[in-house]
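Residue-level structure breakdown
Residues per chain are reported as follows:
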Amino acid sequence: MSFFSKLKDKFIKKEDEKVELEEKESLQVYDKGLTKSRNTFSSRLLDLTKRYNKVNEEYFEELEEILIMADIGVNTVMNFMDRLRKRVKEDKITDPTLLKEVIVDELFIIYVSGEVLSTNLERAEKKPTVYLFVGVNGVGKTTTIAKLAQKEKEANRKVLLIAGDTFRAGATSQLKEWSERLEVNFYGKKEGVDPASVIYEGLEYALNNDIDTVLIDTAGRLQNKTNLMKELEKINKVISKLIENAPHETLLVIDATTGQNGISQAKSFKEITNLTGIILTKLDGTAKGGIVLAIKEEVNLPVKFIGLGETARDLQEFDIEKYIYSLFKDFMEV
Ligand code: GDP
Ligand code: MG
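This structure is a prediction, so every number in the text was calculated from the model and none was measured.

1. Notes on the domain arrangement of the protein
- Domain assignment breaks the protein into domain 1 (17–116 + 327–333) and domain 2 (129–320).
- Between the C-alpha centres of domain 1 and domain 2 there is a distance of 32 Å.
- At the junction of the two partners, domain 1 supplies 25 residues and domain 2 supplies 26 residues.
- Of the roughly 2,300 Å² buried where domain 1 meets domain 2, counting both sides, 56% is carbon and sulfur surface.
- Our count for the contact surface shared by domain 1 and domain 2 stands at one salt bridge.
- Between Glu25 and Arg313 there is a salt bridge, and its shortest N-O distance comes to 3.7 Å.
- At the boundary of domain 1 and domain 2, one finds 10 residue pairs in polar contact (both at pLDDT 80 or more).
- Grouping the amino acids of the side of domain 1 that touches domain 2 by side-chain chemistry returns 12 nonpolar, nine polar and four charged.

Shown next as structure tokens:
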């Protein structure tokens, strides 16, 4: 049984039978958020399959181009094409229609091969759990923090937001507004103060107020790598001094609509600080949803959450099965 057939069984059943509402809703969010990608990517693949009645060299070349256009990443695509050609030869496949399941299978195999990357967020044994958010301006750090804060609150945890982006005008007040809207705790100072000192005081507040989860916003000025590295070192020192084993996660936020640029940011941040995962935002805003696969290959960090829209519900834990199913279902003509 192919991988996609298994997914089909799993998810189609879900649409019919009484399954957990949460799971069903989550699949709907994936479905909706990946519409742009699916429309472009799946329709191109479907069109390719229909135009060829035989798998030949031109077919392979067109397929390769479609995958590269979807931001899957050149190395991943090359690796994939090698495996696909081999399977076509071994299994003597000539009909493009019969290749559909194999294509989805092989993409999945590439993603899950090698090191298994856990998507769960680490939690502290002794509270508070501290998550540090890094990433360049505009990628969606602050709104992602707000979305996660809402989820943490719904899980009955006491949340604190710390405004460690003291650089950008309005960043502190933006986070403060979110804290008021969500009715969670907030700690911030005025613009221009040393972020490490704000974070230090914020963590003291967390320790004194029985906070479960601390979410720390930062400014990511990647244009000055040395300064940013020093700043993040200082921040990490302050955090680990007050709270053992913290930060429990350092999450890099990248914007899916920036494609290869986002991948470059991930590589740079990985060089200067100890990242534990990626949050990929704005997948709903791109037709190139294949970027998730490129991150695995090129950055080798787990994508822990994906942003599929503007609301808290649209921030979803990354699930490779829901992702592949939603991305390919039109191609597979479900
Ligand atoms: P920051 O500079 O990294 O803190 O970025 P912000 O959190 O201020 O977000 C910049 C813009 O991106 C805001 O308008 C957000 O609403 C938007 N945004 C963030 N995540 C998503 C997402 O997953 N989907 C969409 N469509 N917009 C998003
Ligand atoms: Mg911000």
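2. Thoughts on helix α2 (residues 21–33)
- Its 13 residues place the ends of α2 18 Å apart at the C-alpha level, agreeing with the 18 Å of an ideal helix rising 1.5 Å per residue.
- Those residues of α2 lying buried are Ser26, Leu27, Val29, Tyr30 and Gly33. Angularly, the buried residues of α2 cover 155° about the axis, an arc narrow enough to put them on a single face. Those residues of α2 that are exposed and aimed more than 90 degrees away from the buried face are Leu21 and Lys32.

3. Focus on the site of ligand 1
- The environment of ligand 1 is formed by 18 residues, the closest being Gly138, Lys141, Thr143, Asp284 and Glu310.
- One of the backbone nitrogen or oxygen atoms of Lys141 is found 2.8 Å away from an oxygen atom of ligand 1.
- A distance of 2.8 Å separates an oxygen atom of ligand 1 from a polar backbone atom of Thr143.
- Applying the majority rule of atoms within 2 Å of the grid points places ligand 1 in the second largest pocket.

Rules used throughout
Residues numbered from 1 in each chain as written. Chains lettered and ligands numbered in written order. Predicted model: local features only at pLDDT ≥ 70, side-chain atom pairs only at ≥ 80, totals over all residues. Heavy atoms only, no water. Domains from an automatic or database assignment. Contact = heavy atoms within 4.5 Å. Buried area = accessible area lost by both parts, 1.4 Å probe. Salt bridge = Lys/Arg side-chain N within 4 Å of Asp/Glu carboxyl O. Polar contact = N/O pair within 3.5 Å; in protein donor to acceptor, adjacent residues only side chain to side chain. Nonpolar A, V, L, I, M, F, W, Y, C, P; charged D, E, K, R; others polar. Helix = DSSP H or I, 4+ residues; strand = E, 2+ residues; numbered from the N terminus. Expected span 1.5 Å × (residues − 1). Buried < 20%, exposed > 50% of the residue type's maximum accessible area, 1.4 Å probe, protein only. Arc of directions from axis to C-beta. Near = heavy atom within 4 Å. 1 Å grid on protein atoms, 1.4 Å probe; cavity = no way out; pocket = protein on both sides within 12 Å on 5 of 7 lines; lining within 4 Å. Sits in = over half its atoms within 2 Å of the grid points.

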